[in-house]
Amino acid sequence: MDSSSTGLGWTDWLEGWRRLTCETLFQKINARHLEDPLPLPPLNDLTCIVTGATSGIGLEIARQLAESGANLVMAVRNTNFAHQLIQKWQRNVTGSTRSLSIDVFELDLFSLESVVEFAQEWNSRLKPLNVLINNAGIYSIGQPQKKSEDGYETHLQVNHLAPALLSVLLLPSLQRGSPSRIVNVNSLMHIIGSVDSQDMNFLTKKNKFASRKAYSSSKLAQVMFSSMLQKHLPADTKIHVLCVEPGAVRTNVTRDLPRILNILYQQMFFFMFDAQQGSRSALFAATDVDILKYCRKLKEEEWPVCTFIGSHCMTTKPSKEAYNVETSHQVWDKTLEMVGLPTDVVDMILQGKQIHCRYGANRDR
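Residues numbered from 1 in each chain as written. Predicted model: local features only at pLDDT ≥ 70, side-chain atom pairs only at ≥ 80, totals over all residues. Heavy atoms only, no water.

Regarding the chain, the relevant UniProt record gives this comment under Sequence similarities (unreviewed entry): "Belongs to the short-chain dehydrogenases/reductases (SDR) family." (UniProt positions renumbered as here; feature names shortened; annotations may be inferred.)

Visitor: Help me understand the pairing of strand S6 (residues 239-244) in this model?
Guide: Looking along a regular strand, one sees side chains alternate from face to face of the sheet. Of all six residues in S6, six are buried, a share of seventy percent or more. For strand S5 (residues 180-185) and S6, the ladder comprises six bridges, and the chain directions are parallel. Bridge pairing links Val-185 to Val-244 in S6. On the question of chirality, the crossover connecting S5 to the parallel S6 by way of helix H8 (residues 211-232) is right-handed. Note: S6 against strand S7 (residues 307-309), three bridges, orientation parallel. Considered in S7, the bridge of Leu-242 is made with Thr-307. (Buried < 20%, exposed > 50% of the residue type's maximum accessible area, 1.4 Å probe, protein only. Helix = DSSP H or I, 4+ residues; strand = E, 2+ residues; numbered from the N terminus. Pairing = 2+ DSSP bridges. Right-handed = clockwise from strand over helix to strand, strands pointing away.)

Visitor: Please explain the pattern of salt bridges as it appears in this structure.
Guide: According to the stated counting rule, one finds nine salt bridges in the structure shown. Across the salt bridge formed by Lys-320 and Asp-12, the nearest N and O atoms sit 3.6 Å from each other. Placement of Lys-320 in the loop between S7 and helix H13 (325-339) and of Asp-12 in helix H1 (residues 10-25) is noted, with a sequence separation of 308 residues between them. Classification of Lys-320 as exposed rests on a relative accessible area of 63%. On the accessibility criterion, Asp-12 (31% relative accessible area) is partly exposed. When the shortest N-O distance is used, the salt bridge between Arg-19 and Glu-23 registers 2.8 Å. (Salt bridge = Lys/Arg side-chain N within 4 Å of Asp/Glu carboxyl O.)

Visitor: What is the right way to look at the environment of Ser-279 in this model?
Guide: One can find Ser-279 in the loop between helix H10 (275-278) and helix H11 (280-287). In sequence terms Ser-279 and Glu-300 are 21 residues apart; their C-alpha atoms lie 29 Å from each other. Sequence-distant contacts of Ser-279, that is, excluding residues within four places in its chain, are made with Ile-57, Glu-60, Ile-61 and Gln-64. (Contact = heavy atoms within 4.5 Å.)

Rendered as structure tokens:
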């Protein structure tokens, strides 16, 4: 593979793969100090929205938050299955007669209109939101390029554009629930990604599509946007933006790989986390009290301003490219343009001004 295919220099490209390999192989050793499951404090006054809460890491995040007493909102595509899960969780609650506090809302990240409708419905309830966990994501290994109904490459939309839009639109509720947190479930693979802000949608031959490149780039864009969002939020809003790396987690993303590659991937399972172990970093970011002190300290520094938490539930540094201030500003502007929001949208929302998004209901098709 040519290092130019990632847009990184050889040194950064090799270092990225070295770090990715080492942290994957040794993640269980690095996380050996963690309990499984991660102990959570009573969360009776916490309202949490979790996207993609019906499978994998998201399911574990949602279940553990609900069982710890949080007011859980499952933002999912399959609402029927979400209700089935709730019934199962309720039956499994032992030693208590209380009912789990869970609401289910439909949310399809393949549709930016669905994101706008969800945010409008939640904000209209005028309830505080303490934690937004942007968990839902896709990695279509080995698959050809696909586009959403909005015309965007699917990794870019589901992993970055839709969560970015949701985070911005829910700022009124997050402000009501402050001190509050936006927790983006990211990936260590962002360290082998690069972002071409002029071609985030992979439309040119110069930026040739590959599923690995699309996934890693979307995750890097999320880190950059998260830093910019934190930068635009005044300290007195007490809204904190964090990115977390769950680790290499056993999933079914390899189902479309050739048989021999699938077999090789399965051999890696010994080094991988299960979904419950993979949920720990997000749960830590969502509930730990002391981490907010680190967020505030980082906010005071010039750059970066987004807290990044590794799979060992400790703060760590994102990729070298995540520190690229110029590209981060470009990603901020381009992202807001793509989701149909003005560049000063954060200031407008915090001032209580009406926001119009071109992906709102009844938009022109």
